[in-house]
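Results of the structural survey
One-letter residues, chain by chain:
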Amino acid sequence: MLQIVGLTKKFHQGTIDEKVALDNINLELAAGEFVTIVGSNGAGKSTLLNCIAGVYEADAGRVFLDGEDITAQPEWQRAQKIGRVFQDPLAGTAYDMSIEENLAIAYGKQKKLGLQPGIRKKEQEFFREQLAQLGLGLENRLKDKVGLLSGGQRQALTLLMATMVRPKLLLLDEHTASLDPVTARKVLALTDKIITEYKLCTLMITHNMQEALSLGTRTIMMDKGKIMLDLQGETRAKMTVEDLVAEFAFRSGTQLSTDRMLLN
Amino acid sequence: MSFLAVISSIELGLIYAVMALGVFISFRTLNVPDLTVDGSFVLGAAVVAVYCSGGGNPFLALLFAFLAGLVAGSVTSLLNTKLGIQPLLAGILVMLALYSVNLRVMAGKANIHLMDAASIYQLFAGSALGRYNKLVVAAVTTMVVLLCLYLFLQTRLGFALRATGDNEQMVRASGIDTDKMKLIGLALANGLVAAAGGMIAQYQSYTDAGMGLGMVVIGLASVIIGEVVFGTKPLLRRLIAVVLGAVLYRLIIAFALASGMPATDLKLVSAVIVTVAMSTGALKKIFKKLYDIPKIK
């Protein structure tokens, strides 16, 4: 479904601060594959997602989605095929607009943008059903401004917006990292449910090694802009968090900043 | 202040309300302070002056003014999105350029009189409405614009436009080209501003190349006064508030003039009104610090 060939991205190119964020990345995801990404800060995880989504223009390499070369497409055009949830709960929704208006914008993703009514009666019913599935009681608050919602409710809403029109690829960039542990777990369970139910091809960045191994079908570890470990199948099933940390130390020659990763 | 002065202030206020609705689109909906307004207002007035003084239909003239405003707003937006010029500076550049363009439209004359030309305000002249005929025309026109704008903001495109001013990242992530939204928004905003300029030209029967000075501030003042006095929720109420704000602003000005203030001080008054209205948050904090005695628990 997703194919990345030789993706390279440098920041501050040609200056003393030059930093290689992505170093010739090659990665292929089959349809329905759910990949978790781990790695220390500055490993290039977010840059990878941003280059796939078109937020950053890659310096070299190509990105193919469902056979189509999307490398030259601007962010908004790729977004019609890619769903995204960000770390910042404020980033995925328009706070001064109502829940139903936000959903309507997301629901119109692949439709023509014109002078049709923003929300039709039928759509309103559909939004209510979809919201009910989140189990947060949002189905009774369609007219409420999103600004009134909590961080967890917003992330759940963003997740719904990102997947309501089935994307070919779902990108999750530590989308539970800024939530309290209880809410984070809820949103994560919801994420897993949606991805499994719709068999969505997914890339999820996480700082939590336990999550990385227990969720999804495959785990990749990044360091210094490279993929240094790609776990799937049997090997992944046998892997423990301790193994993973040890593996990282061995391969990268540095100690992983483990406290944050292990503690949560 | 005489009754007649009140009536004509309301008439003017209703016409300026069309401009205020334009400023509302750029300033509130898109969240962009657009200074093109000072130029596009005159552009509309200039187009109307030239077309109407040549015997043209006054309604058609307003349509042309609107179209000219669309172009002006588009240029500002393209300078911003395609050439990477800051929105504020892009507006200033187009405003400046329009000063020359407007003079060209007016064939080099600094002002054009429209004493004998037809105007939309003659529509009910001599009817049972008597001296309220202009008021009715202004009110109906403004209400039509208000309603169209409200309905537009309820469409799928309108949603996308509103969201662009709210959270661009989210709009792009929803597969919508934000550059296009800004283009549509600024074009529409300046279209309304230019149409208002044309309506004013017909109302006062002349167009002056310098009549646009400070229009953006007047527009902002109307938006802010309206929101503070008449509320912001829901959207329809907010739009009506902007219209009423424009009328209220005119009444304040008329009152200031009636109480003996020289007309040359009006720009200063406008600037002070906007400054005070926009700094209420900061001023509240300052006053709180100065006068709040710490409470003992």
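Residues numbered from 1 in each chain as written. Chains lettered and ligands numbered in written order. Predicted model: local features only at pLDDT ≥ 70, side-chain atom pairs only at ≥ 80, totals over all residues. Heavy atoms only, no water.

Quick look at the interface of chain B and chain A
- At the junction of the two partners, chain B supplies 22 residues and chain A supplies 35 residues.
- Taking both sides of the interface into account, the surface hidden between chain B and chain A amounts to around 2400 Å²; carbon and sulfur atoms contribute 60%.
- Counting across the interface, chain B meets chain A through 3 salt bridges.
- Notably, a salt bridge pairs glutamate 101 of chain A with arginine 162 of chain B, separated by 3.1 Å at the nearest N-O pair.
- For the pair chain B and chain A, the interface holds 12 residue pairs in polar contact (both at pLDDT 80 or more).
- Elements supplying a minimum of two residues to the side of chain B that touches chain A: helix H6 (156-166) and helix H7 (168-173) of chain B.
- Taken together, the residues of the side of chain B that touches chain A sort by class into 9 nonpolar, 6 polar and 7 charged. (Contact = heavy atoms within 4.5 Å. Buried area = accessible area lost by both parts, 1.4 Å probe. Salt bridge = Lys/Arg side-chain N within 4 Å of Asp/Glu carboxyl O. Polar contact = N/O pair within 3.5 Å; in protein donor to acceptor, adjacent residues only side chain to side chain. Helix = DSSP H or I, 4+ residues; strand = E, 2+ residues; numbered from the N terminus. Nonpolar A, V, L, I, M, F, W, Y, C, P; charged D, E, K, R; others polar.)

Looking at the sheet that holds strand S8 (residues 202-205) of chain A
All names here are of chain A.
- Read across the sheet, 6 strands follow the order S6-S7-S8-S3-S9-S10 without closing on themselves; strand pairing throughout is mixed. What marks the edges here is a single partner per strand, and that holds for strand S6 (82-85) and strand S10 (226-232). When the angles between neighbouring strand axes are averaged without regard to direction, this sheet yields 20°.
- Two elements, strand S9 (residues 218-223) and S10, share 6 bridges in a ladder whose sense is antiparallel. The partner of isoleucine 220 across the bridge, within S10, is aspartate 230.
- Sheet strands in contact with helix H1 (residues 45-53) are strand S3 (34-39), S6, strand S7 (169-173), S8 and S9, and its direction is about 145° off that of S7.
- Relative to the sheet, helix H6 (residues 181-198) contacts S3, S7 and S8, its axis offset from that of S7 by approximately 165°. (Pairing = 2+ DSSP bridges. Axes fitted to C-alpha atoms, helices over the stretch in contact; angles between N-to-C directions.)

Remarks on the layout of surface pockets
- Roughly 730 Å³ of internal volume is contained in the largest pocket.
- In this structure, the largest pocket is lined by 28 residues; those nearest its centre are Asp96, Met97 and Lys145 of chain A together with Arg162 and Leu235 of chain B.
- Elements that contribute at least two residues to the lining of the largest pocket include exactly helix H3 (99-107) of chain A together with helix H1 (3-29), helix H5 (133-153), H6 and helix H10 (235-258) of chain B. (1 Å grid on protein atoms, 1.4 Å probe; cavity = no way out; pocket = protein on both sides within 12 Å on 5 of 7 lines; lining within 4 Å. Points joined across faces, edges and corners; volume = space filled by probe spheres on them.)

Some remarks on the sheet that holds strand S4 (residues 60-65) of chain A
All names here are of chain A.
- Sheet architecture is open: 4 strands sit in the order S2-S1-S4-S5, paired in antiparallel fashion. Where the open sheet ends on each side, the last strands, each with one partner, are strand S2 (19-29) and strand S5 (68-69).
- On top of the sheet, H1 reaches strand S1 (2-11), S2 and S4; it is set at about 115° to S1, its chief contact.

Some points on the packing of aromatic side chains
- Counted according to the given criterion, the structure contains 7 aromatic pairs over all chains.
- For the pair tyrosine 107 of chain A and phenylalanine 126 of chain A, a centre-to-centre distance of 5.1 Å together with 40° between the ring planes defines the contact as tilted. A residue pair is termed long-range when its members are at least 10 positions apart, and tyrosine 107 of chain A in helix H3 and phenylalanine 126 of chain A in helix H4 (residues 121-134) qualify at 19 residues.
- The exposure class assigned to tyrosine 107 of chain A is partly exposed, which follows from its relative accessible area of 23%.
- Here tyrosine 16 of chain B and phenylalanine 41 of chain B contribute two aromatic rings whose centre-to-centre distance is 5.9 Å and whose plane-to-plane angle is 10°, an arrangement assigned as stacked. Here tyrosine 16 of chain B is found in helix H1, whereas its partner phenylalanine 41 of chain B is found in helix H2 (residues 37-53), with 25 residues between them in sequence.
- Taking the relative accessible area as the measure of exposure, phenylalanine 41 of chain B reaches 0% and is therefore buried.
- Of the aromatic side chains, those joined through ring pairs into one cluster are Tyr107, Phe126 and Phe127 of chain A.
- The ring of tyrosine 198 of chain A has arginine 166 of chain A sitting right over it, with the charged end atom 3.4 Å from the ring centre.
- We note lysine 134 of chain B situated over the ring of tyrosine 203 of chain B; from NZ or CZ to the ring centre the distance is 4.8 Å. (Phe/Tyr/Trp six-rings, centres within 6.5 Å; stacked < 30°, edge-to-face > 60°. Buried < 20%, exposed > 50% of the residue type's maximum accessible area, 1.4 Å probe, protein only. Lys NZ or Arg CZ within 6 Å of the ring centre and 35° of its normal.)

A closer look at the nonpolar core
- Ile99, Leu103, Leu131 and Leu157 of chain A together with Met19, Leu21 and Phe41 of chain B are the most contacted members of the largest nonpolar core, which totals 110 residues.
- If one sorts the elements of this core by residue count, H1 of chain B sits on top with 12 residues.
- Per-domain counts for this core show at least three residues from each of domain 1 (2-81 + 168-263) and domain 2 (98-166) of chain A.
- Excluding anything up to four places from it in sequence, methionine 19 of chain B contacts Val37, Phe41, Val193, Ala196, Met215, Ile218 and Gly219 of chain B.
- Within the second largest apolar cluster, 26 residues are counted, among which are Ile25, Ile37, Val63 and Met222 of chain A. (Core = buried A, V, L, I, M, F, W, Y, C linked by side-chain atoms within 4.5 Å. Domains from an automatic or database assignment.)

Concerning the packing of helix H3 (residues 58-81) of chain B against helix H4 (residues 87-105) of chain B
All names here are of chain B.
- H4 packs onto H3 with a crossing angle of 140° between their chain directions and a minimal axis gap of 8 Å. What the angle tells us is that H3 and H4 run oblique. Crossing handedness for the pair H3 and H4: right-handed. Contact residues: H3 offers Ala72, Val75, Thr76, Leu79 and Asn80, while H4 offers Pro87, Ala90, Gly91, Leu93, Val94 and Leu98.
- The residue makeup of the contact of H3 with H4, split by class, is 8 nonpolar, 3 polar and no charged. (Parallel < 35°, antiparallel > 145°, perpendicular 65-115°, else oblique. Left-handed = near helix turned anticlockwise from the far one by under 90°.)

Things to note about the domain arrangement of chain A
Residue and element names in this part refer to chain A.
- Considered domain by domain, chain A is made up of domain 1 (2-81 + 168-263) and domain 2 (98-166).
- Computed from C-alpha atoms alone, the centre-to-centre distance between domain 1 and domain 2 is 27 Å.
- Taken residue by residue, the interface counts 15 residues in domain 1 and 12 residues in domain 2.
- Between domain 1 and domain 2, roughly 1300 Å² of surface is buried when both sides are summed, and carbon and sulfur atoms account for 65% of that area.
- Of all residues in domain 1, Gln80, Leu190 and Tyr198 bury the most surface against domain 2, accounting for 36% of the area lost on that side.
- Viewed at the interface, domain 2 and domain 1 are joined by 0 salt bridges.
- On the surface where domain 1 and domain 2 come into contact, there are 4 residue pairs in polar contact (both at pLDDT 80 or more).
- Every element with two or more residues in the side of domain 1 that touches domain 2 is listed here: S7 and H6.
- Of all the elements, H6 adds the most residues to the side of domain 1 that touches domain 2, at 7 residues.

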